[in-house]
Amino acid sequence: MSTARNSFPFSLLLHLSFLLLSTNASKAQSQNSSNDLKLWFTHPAANWNEALPVGNGRLGAMVFGGITSERLQLNEETVWTGKDVDFINPAAKAALPEVRKLLFAGKYAEAQKMAKEKMMGDKKVHSTYQTLGDLNINFQHPRGDILNYRRELNVDSAIATVKYNAGNVSFTREVLSSFPDQCLVVRLTASKQGSITFKVSLSRPGNKAKFAVANNEIVMTEDVGDGVGVKMVGRLKVVNENGTVSLVGDSLSVEKADAVTLLLTAATDYRGADPMAISAAQVSKMNNRNYEAIKKDHVADYQQYFKRVDLDLGTSDGSYFPTDARLAATQNGYVDAQLIKLYYQFGRYLLISSSRPGNLPANLQGIWADGLYPPWSADYHININIQMNYWPSEITNLSELHLPFLQFLKDLQPDARKTAKDMYGLKGTVAHFSTDPWHFTEPYGEPQWAMWPMGFAWSAQHLWEHYLFTEDKQYLNELAYPVMKEAAEFCVNWLVENPVTKQLVSGPSISPENRFITKSGESATMVMGPTMDHMIIRDLLLNTIDAARSLQKDASFIKRLQLTLSRLAPTKVGSDGRIMEWTEEFREPEPGHRHISHLFGLYPGRQINQQKTPELLQAARKTIDYRLANGGGHTGWSRAWIINYFARLQDGEAAYENLLALLRKSTLPNLFDNHPPFQIDGNFGATAGITEMLLQSQAGEMQLLPALPKAWQKGYIHGIVARGGFEVDIDWEAGKLKQVKFLSKLGNTAIVRYADKVITVKTEKGKSYSFNGRLQ
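Peer 1: Before we go on, may I ask you to explain the packing of aromatic side chains in this structure?
Peer 2: With the rule as written, the count across this model stands at 40 aromatic pairs. Ring centres of Trp-80 and Tyr-380 lie 6.3 Å apart, and the angle between their planes is 20 degrees; this geometry places the pair in the stacked category. A residue pair is termed long-range when its members are at least 10 positions apart, and Trp-80 in the loop between β4 (69-76) and α3 (92-104) and Tyr-380 in strand β18 (residues 380-381) qualify at 300 residues. A residue is classified by how much of its surface remains accessible, and Tyr-380, at 1% relative accessible area, is buried. Their ring planes at 90 degrees and their centres at 4.7 Å tell us that Trp-391 and Tyr-603 sit as a pair that is edge-to-face. Of this pair, Trp-391 sits in helix α10 (residues 391-395) while Tyr-603 sits in the loop between α16 (555-567) and α17 (614-629), and the two are 212 residues apart along the sequence.

Below, the structure is given as structure tokens:
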């Protein structure tokens, strides 16, 4: 490791210099800025964690960039096993009061045993996300050395490119996933006519897929999960320019073409339509469409989102070097400002590429997952992970891409309503720690992670957040408020009186996935009144009150929520100055646990801040410091959450150090977040955290540069968004605000804070306002 933060390790510098010379990178890259928004490598991917992702929100691929053999690992968002089944434990409703009684009596182990036996469901039908399959291309190249190899992903255009020389011919491969055309496109070109010869096929693990080859097309079909899942179709069409195409078994052979375009479409019957007809229509739509037109439409569609935000954190020499070498340098102590910029925009790229209106929300791996059994089924964990996926959506000006998650919550309602009634005997909607596209909401497995009925309540926060940024009354009335109201209804009915304190508490419940040691020395997980539950419930009830008031409806329901809030057990600070995670100061077997759930009120909530709760803010800081001192933040997504915590604490140095730690300890060669293994939430959480360091608006004002680290002395961020509908451009110099400009999208009054200076600006819809570093 280097001894100074900004010193470049000499041995690594020599290594990078060698790479630079040996690949002619200095010749190819005449300007540093040309690599600002590119992940690039001087070798093919050796494994999946080095491959490059492309996607259109639904259809994705991991591009390996092989020379003689190219592999594109394919995904379509609805390729899932499983089905809609109920598995509520029939004994749960009767067991609920008994479990509560045991917990109030301090008999935690007995309560946990009963909850496992009588409240956990028996999930017999396994559901998992799966790969669509692989697109395999085996090339025949001219004899000679392979020179000038370069594999890149341009996040400015959403195109992956592979280039190299074989013999005296230059070959180029471009891969994109087009949203307008709903098609994955591979373009193969060469510098010499008649040089493109290859065999192409589709394949899928398990050897159960069926193939049909005719008319320059390969069609792959399978009923996934041995029939317990969707029917899927992948369709590949070869469009050659000169040369010949012939059938070889289940493959197509192309010989001596000048250029070739491969068109891959895919569909399932998840939404009830015929996937064979859908995929055929998608390919047919591409007839008479040349590649340049497809590419132009793809880039225009993608950039309508991506170009909204521009970030500059200063220059660094790292851009001259391949991404894996830059990451290695960072892990050895070098600080690469432009790598942080690339990482930030890569997070936005991933959201654009994995979450589009009308689609399913991004899962644990976005849309990119290999094999038939990805980690944790690549499902929807609703105890932090899917929420983190969407933290950057509003603030980084990708509001429309939030909608798949918000619609998904509406789609969860029927089962969530049934679970509330059949499992707990209550009105409203409830979901636990996890779900899938079949929308189950029951708990299963171990109480340590499953006996947590707050998944729906936490997710409902996103419904209100979208409204705070857009103030779309139709959306609030038709989608958001009805879902929020039912979630709040459950919470009000769920709370019970603590017989000692007479306060309302939640339970039986947990602090997600964490444990404590009872006074008798037993390990336990459940209590009556975990802090996170109350923070989530308080957040939901306050948001639902504000939503009802915005719609001028449900006055009696508002009063009921207000009464409940007045009796809800408050957040408590322990004798050591930390926020208490449970109802008592239990001993912790994992003091560095990855979940820091009892700081929900700091982020993503808004209950802990300097203006209104300074004592809780101080306690929150002690809580984080204690977790980190005991090894916390060791998983990618946990570290990303910590960045956001420190941003809210307005400690730019600590936020920055944890951002560097994320890059150094929990980032894979292709910049995917490493849990381990890969989980995409850390990418999204870090992008949100960087934004929170530069702008916050949760306290009713636009706070500029609240957590700017010393390392970012000069820079700007343009196009990010504050609550109330303000699109904000911030420039800084010498570590201080230089200028702020904001567009008022809704005409709201803007309260702007920088350091100790606060101004109030009455705005008009559609007008922009500019101020210097003194807010004048």
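So, next bit.
Peer 1: Before we go on, may I ask you to explain the pattern of salt bridges in this structure?
Peer 2: For side chains bearing opposite charge, pairing can occur when the charged atoms are close. A complete count under the given rule lists 45 salt bridges for this structure. The partner of Arg-560 in a salt bridge is Glu-489, and the shortest N-O contact between them spans 3.1 Å. One end of the pair, Arg-560, is in helix α16; the other, Glu-489, is in helix α14 (residues 473-494), with 71 residues separating them in the sequence. Residue classification places Arg-560 among the partly exposed residues on the basis of a relative accessible area of 32%. We classify Glu-489 as buried; its relative accessible area is 16%. Here Arg-621 and Asp-625 are joined by a salt bridge, their closest N and O atoms 3.1 Å apart. Of the two residues, Arg-621 and Asp-625 are both situated in helix α17; the distance of 4 residues between them amounts to about one turn of the helix. The structure contains a network of salt bridges with shared partners spanning Asp-576, Arg-578, Glu-581, Glu-588 and Arg-627.

Peer 1: Honestly, the layout of surface pockets in this entry has me stumped. Any pointers?
Peer 2: Over the atoms rolls a probe the size of a water molecule, and in doing so it shows where empty space is left. Roughly 670 Å³ of internal volume is contained in the largest pocket. If you go around the largest pocket, you meet 26 residues; those closest to its centre are Arg-606, Ser-697, Gln-698, Ala-699 and Gly-700. Elements supplying a minimum of two residues to the lining of the largest pocket: α13 (455-470), α15 (531-551) and β29 (750-754). Looking at side-chain class alone, the lining of the largest pocket contains 9 nonpolar, 10 polar and 7 charged residues.

Rules used in this analysis
- Residues numbered from 1 in each chain as written.
- Predicted model: local features only at pLDDT ≥ 70, side-chain atom pairs only at ≥ 80, totals over all residues.
- Heavy atoms only, no water.
- Phe/Tyr/Trp six-rings, centres within 6.5 Å; stacked < 30°, edge-to-face > 60°.
- Helix = DSSP H or I, 4+ residues; strand = E, 2+ residues; numbered from the N terminus.
- Buried < 20%, exposed > 50% of the residue type's maximum accessible area, 1.4 Å probe, protein only.
- Salt bridge = Lys/Arg side-chain N within 4 Å of Asp/Glu carboxyl O.
- 1 Å grid on protein atoms, 1.4 Å probe; cavity = no way out; pocket = protein on both sides within 12 Å on 5 of 7 lines; lining within 4 Å.
- Points joined across faces, edges and corners; volume = space filled by probe spheres on them.
- Nonpolar A, V, L, I, M, F, W, Y, C, P; charged D, E, K, R; others polar.

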